[in-house]
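Residues per chain, in single letters:
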Amino acid sequence: MAAAAERRPVWMRAMIYGFVATWFILAAFPFIWTVWGSFKVELDFFSIADWTYALTGERTKAEYGSAFTDAGYRGAWIQEEFYRNFFNTAIVCFFVVCTSLTIGTLGGYALSRSSYNYTFWLLITALIFRAMPPVTLVAGYLLPFFQWNLWGHLATTIIVLVAINQPFTLWMLHSFFKKIPQELDESAKVDGCTQFQAFRHVIIPVMWPGVITTGLFSFLLAYNDFVVTSMLLEEKNRTMVPQIAAFLGTTYTEGNVMFAVAAVVSATVPLFILVMFFQRQIVSGLTAGAVKG
Amino acid sequence: MKHRTFFWFFLPTAIAMLLFIAAPIVSVLIQSVFAPHEAVLIEVENCTPLVGCTTETMIDQEATRDLREAQPLGRFVGLDIYLDRAHLAIEEVGQIWSTSETWGSFWSRIFNLPFYRAMSFTLTYTFVVTPALIVLGLMIALAVNSLHRHLKGLMIFFSLLPMIVTPIIGSLILFWMVDSRGVLGSALVSLAGDPNFSLKASTGLTWVMLIIYGIWSSAPFAFVVFYAGLQTLPRDTLEAAQIDGATRWQQVRYVIIPHLTPLVTFVALIQLMDNFRVLEPIIGFNASAHATSLSWIILNDLGGETRQLSSASANSVLTLIGVAILLSPVLVRTWQDFKRKT
């Protein structure tokens, strides 16, 4: 491709670089700006007087003696006890990922190794389930959950998120298991293994790349979910995302917008680290579904 | 694999999906034809000496509570909820139809009804954002693909951010920037030359803002998929086209795009499904005064002190019908492919 690039006329190369640079700014600038601004006071980040205050931090200097302040973070994490929401998110994500990978691996493996027609229908059903907006299901949960006292617990939310996650997990693991040659477990079965033993001793050692990729997407779903967590959790065990939404209602009136800004930046950091370490897996996961067409 | 083994392997995931996806749909269907009980009224006769007796109608609190506990679903009302003003509003639409003189006034009055208002934004959002993000994603993929190797990795890293970040967080970040005191907002104010200019005050601009957010947050998905597709581009075909004297545009048009067509279908399918459920940006941008979506009205019914389960359920069923219509071409095609194979 390098040779082809050299043959491009100058104006075209300039256009390509210009376009890429524009997109880069569009994609990255909002995040950089917000991270920078989260260390300022509100009058700097939302400056009526002069927008450059957000860069230099005039008001922050006047108030705290330095251009940076951690007041927003203190307010969010200590005063508003955002760490509770952080731990709740950690618990939900951990259990959602573990449970949905365990049952999804078994199901996806079965789908990839059965040659009967019903696997096709199961996959289509999963696709239809995937297409349904989660919010349409929430109305169906509330009444039974209230009746049976299941509402408001982290465990309920975890199970619901696992179930909503299953269609996608099945599709993804199905296509990963398809890539593992069937001869592997067939030969184990010839040697006298049952199907489960073949899975346990032959497939499990080689399945990790696909499982890790799928796990990343399960994590993202649980981490980013707003609808289920905001409708099924009580105020005292909210996760981060519904808590940020709740901040909006209260902080605008109390003048603590910077708490919300700090909370937003805090909640973005784990995702940032995730992309940094697992970029390759995320890219391969996004394309895994596409390869099948 | 034997049926029996398959059954045991598949059982856990099947139970999860049956209990928490299939059963709630049934439950939503049932709830949508039941309305909450009306309060039980009793007539009490108040007699005061000299004045006489008056009968008063009062709510019998105890009987109402008993009735609500005995039948938590409510009373059966058939399709009434679907047809009332908050949903399909058949009567109102009929009235508007017969009294409106022009198409313009007909539509503007229709869009004041909550369901149609949400429907119009949801459809506009879905069918503007999806093609736009595919085009933008393709352009980014082609441009990044021609960069140097080290730059590619950096571009992919930063491109993933808008997509991977929690939708509410992403929309808040943009919202704070376009706030009239934020950096982009104040730039727009000085551009417009009107100190009271605000994106939030106008319906049209709010829609534009939400649509831009939609494209910004989903274009990376299209970009990554197309970029991966470009890596498997058959070199021979491209070289043959070059030898035959195809211009760059012709190479893109006749070699690259046909190669990517299955991926375009895939991205379009996923994005249609995801954009149809648009909800978080409306909350993040605090835009519900100017734009509501089908998902938003369901959440609005469910939230707050009075959880209007019946209304939310009816809206959910209508949304699911919408999803089914959207998905039907794909399902029909898959079914035809399947029949051809077997």
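Calculation notes
Residues numbered from 1 in each chain as written. Chains lettered and ligands numbered in written order. Predicted model: local features only at pLDDT ≥ 70, side-chain atom pairs only at ≥ 80, totals over all residues. Heavy atoms only, no water. Helix = DSSP H or I, 4+ residues; strand = E, 2+ residues; numbered from the N terminus. Rg over C-alpha atoms; globule rule 2.2 N^0.38 Å. Buried < 20%, exposed > 50% of the residue type's maximum accessible area, 1.4 Å probe, protein only. Contact = heavy atoms within 4.5 Å. Areas by Shrake-Rupley, 256 points an atom, 1.4 Å probe, with all protein chains shown as cover. Lys, Arg positive; Asp, Glu negative; His and termini not counted. Charge placed at Lys NZ, Arg CZ, Asp CG, Glu CD. Domains from an automatic or database assignment. Buried area = accessible area lost by both parts, 1.4 Å probe. Salt bridge = Lys/Arg side-chain N within 4 Å of Asp/Glu carboxyl O. Polar contact = N/O pair within 3.5 Å; in protein donor to acceptor, adjacent residues only side chain to side chain. Nonpolar A, V, L, I, M, F, W, Y, C, P; charged D, E, K, R; others polar. Phe/Tyr/Trp six-rings, centres within 6.5 Å; stacked < 30°, edge-to-face > 60°. Lys NZ or Arg CZ within 6 Å of the ring centre and 35° of its normal. Expected span 1.5 Å × (residues − 1). Bend = angle between axes of the 7 residues up to and from the residue. Core = buried A, V, L, I, M, F, W, Y, C linked by side-chain atoms within 4.5 Å. pLDDT = per-residue confidence, 0-100. Pairing = 2+ DSSP bridges.

**Digging into the overall build of chain A**
Argument step 1. Across its full length, chain A carries 16 helices and zero strands.
Argument step 2. Compactness check: chain A gives a C-alpha radius of gyration of 24 Å against a globular reference of 19 Å for 293 residues, more than 25% above the reference.
Argument step 3. In chain A, which comprises 293 residues, the share counted as buried stands at 54%.
Argument step 4. Put simply, of all contacts in chain A between residues at least 6 apart along the chain, 71% involve residues at least 24 apart.

**With respect to the overall build of chain B**
Argument step 1. Assigned secondary structure in chain B consists of 15 helices and four strands.
Argument step 2. Rg of the C-alpha trace for chain B: 28 Å, well past the compact-globule value of 20 Å for 342 residues, more than 25% over.
Argument step 3. Considering only C-alpha atoms, chain B reaches an extent of 110 × 75 × 45 Å along its principal axes.
Argument step 4. A fraction of 67% describes how many contacts in chain B between residues 6 or more apart in sequence connect residues 24 or more apart.
Argument step 5. Here chain B displays about 17,300 Å² of accessible surface, and carbon together with sulfur accounts for 63% of that area.
Argument step 6. Taking the average place of the 21 positive charges on the side chains of chain B and the average place of its 23 negative ones, the gap between the two points comes to 19 Å.

**Quick look at the domain arrangement of chain B**
Residues and elements named next belong to chain B.
Argument step 1. Here the domain parsing of chain B yields domain 1 (42–112) and domain 2 (114–292).
Argument step 2. A separation of 44 Å is found between the C-alpha centroids of domain 1 and domain 2.
Argument step 3. Each partner contributes to the interface: domain 1 provides eight residues, whereas domain 2 provides five residues.
Argument step 4. Between domain 1 and domain 2, a total of about 610 Å² is buried, with carbon and sulfur atoms accounting for 66% of that surface.
Argument step 5. Three residues stand out in domain 1 for area buried against domain 2, namely Leu-88, Ile-110 and Phe-111, and they jointly supply 53% of the buried area on that side.
Argument step 6. Between domain 1 and domain 2 we count zero salt bridges in total.

**Some words on the interface of chain A and chain B**
Argument step 1. Contact with chain A, which involves 100 residues of that partner, is made by 94 residues of chain B.
Argument step 2. Counting every contact that joins chain A to chain B gives one salt bridge.
Argument step 3. Taken together, chain A and chain B are joined by 14 residue pairs in polar contact (both at pLDDT 80 or more).
Argument step 4. Tallying contributions element by element places helix H16 (residues 257–291) of chain A first for the side of chain A that touches chain B, with 17 residues.
Argument step 5. Split into classes, the residues belonging to the side of chain A that touches chain B amount to 79 nonpolar, 16 polar and five charged.

**Notes on the pattern of salt bridges**
Between side chains of opposite charge, a pair can form as their charged atoms come close.
Residues and elements named next belong to chain A.
Argument step 1. For the coordinates displayed, the defined rule picks out seven salt bridges over all chains.
Argument step 2. Across the salt bridge formed by Asp-70 and Arg-74, the nearest N and O atoms sit 3.4 Å from each other.
Argument step 3. With a relative accessible area of 39%, Asp-70 lands in the partly exposed category.
Argument step 4. Between Arg-113 and Asp-185 there is a salt bridge whose closest N-O contact spans 2.8 Å.

**A closer look at the packing of aromatic side chains**
In this description, a pair of aromatic rings is defined by centroid distance and the angle of the planes.
Argument step 1. Tallied over the full model, the rule gives 50 aromatic pairs over all chains.
Argument step 2. Ring geometry for Phe29(A) and Trp33(A): centres 5.7 Å apart, planes at 40°, overall tilted. Pair noted here: Phe29(A) and Trp33(A) are both in helix H2 (residues 10–37), with a separation of four residues, about one helical turn.
Argument step 3. For Phe29(A), a relative accessible area of 32% gives the class partly exposed.
Argument step 4. By relative accessible area, which is 7% here, Trp33(A) ends up buried.
Argument step 5. With a centroid separation of 5.7 Å and 40° between ring planes, the pair formed by Phe121(B) and Tyr125(B) is classed as tilted. With a gap of four residues between them, Phe121(B) and Tyr125(B) both fall in helix H6 (residues 114–145), about one helical turn apart. For the pair Phe121(B) and Tyr125(B), one class covers both residues: buried.
Argument step 6. Clustering of aromatic rings is evident, with ring pairs tying together Phe31(A), Phe175(B), Tyr213(B), Trp216(B) and Phe285(B).
Argument step 7. Above the ring of Phe68(A), the side-chain terminus of Lys40(A) is found at 3.9 Å from the ring centroid.

**Here we look at helix H9 (residues 134–147) of chain A**
For the α-helix, the turn length of 3.6 residues means that residues three or four positions removed from each other point alike.
Argument step 1. Here H9(A) is 14 residues long and its end C-alpha atoms lie 21 Å apart, about the 20 Å a rise of 1.5 Å per residue gives.
Argument step 2. Along H9(A), the largest kink reaches about 30° and is centred on Tyr141(A); proline Pro144(A) follows within four residues of it.
Argument step 3. Among the residues of H9(A), those classed as buried are Pro134(A), Val135(A), Thr136(A), Leu137(A), Val138(A), Ala139(A), Gly140(A), Tyr141(A), Leu142(A), Leu143(A) and Phe145(A).
Argument step 4. In the core, the buried residues of H9(A) are packed alongside helix H10 (154–179) and helix H14 (227–232) of chain A together with helix H1 (3–31), helix H14 (294–302) and helix H15 (309–341) of chain B.

**Observations regarding the nonpolar core**
Argument step 1. Of all hydrophobic cores here, the largest spans 179 residues; its most connected members are Tyr141(A), Trp176(B), Phe226(B), Val267(B) and Leu302(B).
Argument step 2. Take this core: its biggest share by element is 15 residues, from helix H10 (residues 203–231) of chain B.
Argument step 3. Lining this core are residues from two domains, each supplying at least three of them: domain 1 (42–112) and domain 2 (114–292) of chain B.
Argument step 4. Among the nonpolar cores identified, the runner-up in size contains six residues, and Ala89(B), Val93(B), Phe106(B) and Leu113(B) belong to it.

**Side note on the confidence of the model for chain B**
Argument step 1. Per-residue confidence for chain B gives a mean pLDDT of 86; residues scoring 70 or more make up 99%.
Argument step 2. When the elements of chain B are averaged for pLDDT, strand E3 (residues 52–59) of chain B gives the smallest value, 77, and H6(B) the largest, 93.

**Remarks on the pairing of strand E2 (residues 41–48) of chain B**
Remark: a regular strand shows side chains that alternate across the two faces of the sheet.
Residues and elements named next belong to chain B.
Argument step 1. When E2 meets E3, the two strands line up antiparallel, connected through eight bridges. Paired with Ile-42 across the two strands is Met-58, which belongs to E3.
Argument step 2. Where E2 hands over to E3, the hairpin turn is made up of three residues, of which Leu-50 adopts a positive phi near 75°.

**Quick notes on unusual backbone geometry**
It is generally the case that most residues other than glycine have a negative phi and that most peptide bonds are trans.
Argument step 1. In this structure, Asn149(A) takes a positive phi of about 60° despite not being glycine.
Argument step 2. Assignment of secondary structure puts Asn149(A) in the loop between H9 and H10.
Argument step 3. By relative accessible area, Asn149(A) is classed as exposed at 62%.
Argument step 4. Although it is not a glycine, Asn286(B) sits at a positive phi angle of roughly 55°.
Argument step 5. Structurally, the position occupied by Asn286(B) is in the loop between helix H13 (280–284) and H14.
Argument step 6. What makes Asn286(B) exposed here is its relative accessible area of 54%.

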